[in-house]
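Here is how the chains run, residue by residue.
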Amino acid sequence: MLGIDITQILLHILNIVILFTGLYIILYSPVVKFMKKREDYYKEMDENASKKLTEAESLRTQYQEKLDSVDSEIISMKKEASSEITKMKINAEQDAKKKANKIIDDARREAEEQKKNIVVGAKDTIVKMVEEATGKIVISGDVSQAYDMFLDDAERSSNNG
């Protein structure tokens, strides 16, 4: 017929089928397996990343809650410290007032004591002056002169003391 040999065509078809089968077994199957492994690996990495991202978000939320609670705790501690300082200040003021009152009372008692000592000393001085004047009156017998001497002695005592 036209010089076409059917056996040659069938042999070429058989060679092509063997070639495609060999190529499928040698190249296509390993490449598909490799691509499937690679796809699974990246899916697993994506899932792990999503899990870690979710965990990180929950941890961040927990830490934020803890920070908020710490802030409120700090505020309450500041309030407590402020009230403690106010109490300490009031106590210190009360103690200072008590000490000041004690010092004032002690000073008053000491002044009263000094006043009594001065009065006693003045009485003793007056008694001595009277005794001297009386002695001079008795010795001299002149009352007006003794009275003048008494007044002079009293004046000198008041000027000196």
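Every value quoted in this text rests on a predicted model; they were computed, and no experiment measured them. (Residues numbered from 1 in each chain as written. Predicted model: local features only at pLDDT ≥ 70, side-chain atom pairs only at ≥ 80, totals over all residues. Heavy atoms only, no water.)

Comments concerning the overall build of the protein chain
Then, in step 1: On a plain count of helices and strands, the protein chain comes out with 2 helices and 0 strands.
Then, in step 2: Computed over its C-alpha atoms, the radius of gyration of the protein chain comes to 62 Å, more than 25% above the 15 Å expected for a compact globule of 161 residues.
Then, in step 3: Projected onto the principal axes, the alpha-carbon positions of the protein chain cover approximately 200 × 25 × 20 Å.
Then, in step 4: Expressed as a percentage of the 161 residues in the protein chain, the buried residues total 2%.
Then, in step 5: For the protein chain, the exposed area adds up to about 14700 Å²; of that, 62% sits on carbon and sulfur atoms. (Helix = DSSP H or I, 4+ residues; strand = E, 2+ residues; numbered from the N terminus. Rg over C-alpha atoms; globule rule 2.2 N^0.38 Å. Buried < 20%, exposed > 50% of the residue type's maximum accessible area, 1.4 Å probe, protein only. Areas by Shrake-Rupley, 256 points an atom, 1.4 Å probe, with all protein chains shown as cover.)

Description of the pattern of salt bridges
Then, in step 1: Under the definition given, this model contains 5 salt bridges.
Then, in step 2: Ionic pairing is found between Arg60 and Glu57, a salt bridge with its closest N-O pair at 3.5 Å. Pair noted here: Arg60 and Glu57 are both in helix H1 (residues 6–140), with a separation of 3 residues, about one helical turn.
Then, in step 3: Judged by its relative accessible area of 40%, Glu57 is partly exposed.
Then, in step 4: Of the charged contacts, one joins Asp106 and Arg109 as a salt bridge, the two residues approaching to 2.9 Å between their closest N and O atoms. In this pair, Asp106 and Arg109 are both assigned in helix H1, 3 residues apart and thus about one turn of the helix distant. (Salt bridge = Lys/Arg side-chain N within 4 Å of Asp/Glu carboxyl O.)

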